[in-house]
Amino acid sequence: MSKQILILPGDGIGPEIMAEAVKVLELANDKFDLGFELSFDQLGGAAYEQYGVPLADETLERARAADAILLGAVGGPQWDAIDPALRPERGLLKIRSQLGLFANLRPAILYPQLADASSLKPEVVAGLNILIVRELTGGIYFGSPRESRVLENGERMAFDTLPYSESEIRRIARVGFDMARVRDKKLCSVDKANVLASSQLWRTVVEEVAKDYPDVQLSHMYVDNAAMQLVRAPKQFDVMVTDNMFGDILSDEASMLTGSIGMLPSASLDANNKGMYEPCHGSAPDIAGQGIANPLATILSVSMMLRYSFSQSQAADAIEQAVSKVLDQGLRTGDIYCAGTTKVGTAAMGDAVVEALRSL
Ligand code: IPM
Ligand code: MG
C-alpha cells in the first residue's frame, strides 16, 4: 500500500526550499521504490490567505490521515497585525499539539566541510554532534491561563503559564534516554530548577526515569549555564533534553555552532513515531522570493523522515551522502559561503543534491 506524505510549504522561503526538497524526495521515491504519494496543502499565513485560518480543519484531517508531514516554514510581517489567534505560528502550534507531536529532535551536526562557516574556532566545533530533544506540546507555549489585560489603574499587564505534568515529563525524558542509549550514552537534562516549580518537578521525574537507564550517564544543567556551555565547550554534550521554550532557544543557539541554521533539520514525533519534519529555521521573509535560501535543512528533514517514520535508513543515508558530496564540491548558499567556495542559489543547490543522489 502506498504511503501518504502531506507537504505544507508554508510562507516566506518555505515554498522555495520545499520545491528543492520535493525534487529530492521524488528521486528517492523512484530510486528506492518507496511507494510514496505526495499531496500538498497550506499552513500558516498561506493558509490564512486561502482558508481564513492558519490551519484549516480539512488540512488537519489530511495531516492526521497522512503517514508523515513535511513542512517548510511559517510566518511573515504581513500577518503581524492580524488577530493573534489567527497568526501563522498558531497554525504550527495547533498542528503540533493536535497530532500529539511531543518529541522534537533537533540534531546539530557540523559537516567537516563547514568548519570555517561556524562563528566558533574550528577546534571548538570540529566533530560536533549534539541532539537536542525538545518537549513540543506542553509548557509555556500551551499553558493556561494566558492573558493580556488592563488593570484598574489603567496599566496593561499580561501573563503566561508554564505547566508540566509528570506524564509529559516522563515521556520526553524517555525519548532523551532512548536517543542517548543509541549514541554516546550521555544525557544532559536542562532546566531552571533553582527558580521554577515546573523545573523542580522536571528534575525529579527525569531522575526517576534514569533508574530504567543505568547505562546512560545523566547530568542536569541550569538553562543559563547550558547556553553558556554550548558556546564555551559544545562537544561536552551528546543528547540534551529540555522543555518547550528552553529547547526553542537552545536549538537556535546550537544551530549556529554548525555554521548556519540553514543546515539543521528536525523531526517532531508522536508516541508511535508518526512525524512532521521541518527545518529548524524560520520563514526568513527578508530573503523570500530571491532564490538564495539554503534548502539543505529541508532536504535533510526528508532524510530524517525516511529514517524515523519509514525506517528507510538506506535511502536516508543516501540523501545525507548526497548533501555531503555537494558540500565537497564546494557549492554553498550565501549563509554558508566562505572564500574559495562557489556561491549558488536555492534551485542550483537542490539540483546538485539531486544529481549527487542520482549518481550514488
Ligand atoms: C521553532 C519556531 C517556532 C517555535 C515558532 C515559529 C512558533 O521558532 O520551531 O523553533 O517557537 O516553536
Ligand atoms: Mg525556534
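Residues numbered from 1 in each chain as written. Chains lettered and ligands numbered in written order. Predicted model: local features only at pLDDT ≥ 70, side-chain atom pairs only at ≥ 80, totals over all residues. Heavy atoms only, no water.

**Overview of helix α8 (residues 223-232)**
Test applied: Buried means the residue's accessible area, taken with a 1.4 Å probe over protein chains only, is under 20% of the maximum for its type, while exposed means over 50%, and partly exposed covers the values in between. Numbering of helices and strands runs from the N terminus, with a helix taken as a DSSP run of H or I at least four residues long and a strand as a DSSP run of E at least two residues long. Directions drawn from the helix axis to the C-beta atoms are what define this arc. Residue contacts are counted whenever heavy atoms from the two residues lie within 4.5 Å of one another.
Along α8, the residues classified as buried are V223, A226, Q229 and L230. One side of α8 carries all its buried residues, which in axial view fall inside an arc of 110 degrees. Where the residues of α8 are buried, they touch β5 (129-135), β8 (186-191), β9 (217-222), β10 (239-242) and α9 (244-257).

**Structural notes on helix α3 (residues 57-65)**
Among the residues of α3, T59, L60 and A63 are the ones counted as buried. Projected down its long axis, α3 shows its buried positions confined to an angular sector of 100 degrees, all on one face. Within α3, the exposed residues directed more than 90 degrees away from the buried face are D57 and A65. On the buried face of α3, the contacting elements are β1 (3-10), α2 (45-51), β3 (68-73) and α4 (88-98).

**Let's talk about the domain arrangement of the protein chain**
Selection rule: Where each domain begins and ends follows an automated or database-derived domain assignment. Buried area counts how much accessible surface, traced with a 1.4 Å probe, disappears from two parts once they are put together, with both parts' losses summed. Each reported salt bridge corresponds to a side-chain nitrogen of Lys or Arg within 4 Å of a carboxyl oxygen of Asp or Glu. Think of a polar contact as two N or O atoms within 3.5 Å of one another; within protein, one of them needs to be a possible hydrogen donor and the other a possible acceptor, and neighboring residues in sequence only count if both atoms come from side chains.
Segmentation of the protein chain into domains returns domain 1 (1-102 + 270-360) and domain 2 (114-262). Between the C-alpha centres of domain 1 and domain 2 there is a distance of 24 Å. Contacts between the two partners involve 18 residues from domain 1 and, on the opposite side, 18 residues from domain 2. Here domain 1 and domain 2 share an interface that buries about 1500 Å² over both sides, 68% of which is from carbon and sulfur atoms. Our enumeration of links across domain 1 and domain 2 arrives at 0 salt bridges. Connecting domain 1 to domain 2 are 4 residue pairs in polar contact (both at pLDDT 80 or more). Going through the elements one at a time, α4 and α10 (296-308) are the ones with two or more residues in the side of domain 1 that touches domain 2.

**Thoughts on the pattern of salt bridges**
Pairing is possible between side chains of opposite charge, provided their charged atoms come close. On inspection of all chains with the given rule, the structure shows 20 salt bridges. When the shortest N-O distance is used, the salt bridge between D224 and K192 registers 3.2 Å. Taken together, the positions of D224 in helix α8 and K192 in the loop between β8 and α7 (197-210) put the pair 32 residues apart, joining distant regions of the chain. On the basis of relative accessibility, which here comes to 45%, the residue D224 falls in the partly exposed class. K192 sits in the buried class, given a relative accessible area of 17%. The partner of E320 in a salt bridge is R307, with the nearest N and O atoms 3.0 Å apart. Here E320, found in helix α11 (residues 313-328), pairs with R307, found in helix α10; they are 13 residues apart in sequence, far enough to count as distant. When its relative accessible area of 27% is taken as the criterion, E320 is described as partly exposed. Here the salt bridges do not stand alone but share partners, grouping E20, K23 and D351 into one network.

**Structural notes on the environment of S198**
Tracing the backbone through its elements, the reader meets S198 in helix α7. Spatially, the C-alpha atom of S198 lies 9.6 Å from that of E166, the residues being 32 residues apart in sequence. The contact partners of S198, leaving out residues within four places of it in the chain, are L162 and I169.

**Section: the site of ligand 1**
Filter applied, for reference: Note on terminology: near, applied to a residue and a molecule or strand, indicates that one of the residue's heavy atoms is within 4 Å of it. Only the protein chains shown count as cover for residues, and the accessible areas themselves come from Shrake-Rupley with a 1.4 Å probe. Three classes are used, and their members are as follows: Ala, Val, Leu, Ile, Met, Phe, Trp, Tyr, Cys and Pro are nonpolar, Asp, Glu, Lys and Arg are charged, and the others, Gly among them, are polar.
All residues adjacent to ligand 1 are E89, L92, R96, R106, R134, Y141 and D248. Interatomic distance of 2.9 Å between a side-chain N/O atom of D248 and an oxygen atom of ligand 1. Relative to its unbound accessible area of 320 Å², ligand 1 is 77% covered by the protein chains. In terms of residue count, the dominant contributor to the shell around ligand 1 is α4 (3 residues). Classifying every residue of the shell around ligand 1 gives 2 nonpolar, no polar and 5 charged.

**A few points about the state of the cysteines**
One covalent bond between the sulfur atoms of two cysteine residues makes up a disulfide. Rule in force here: The rule for a disulfide is simple: a pair of cysteine sulfur atoms within 2.5 Å.
Scanning the entire structure with this criterion turns up 0 disulfides. Just so you know, C188 is unpaired, no disulfide at all, and the nearest cysteine sulfur is the one on C280, 18 Å from it. A residue is classified by how much of its surface remains accessible, and C188, at 4% relative accessible area, is buried.

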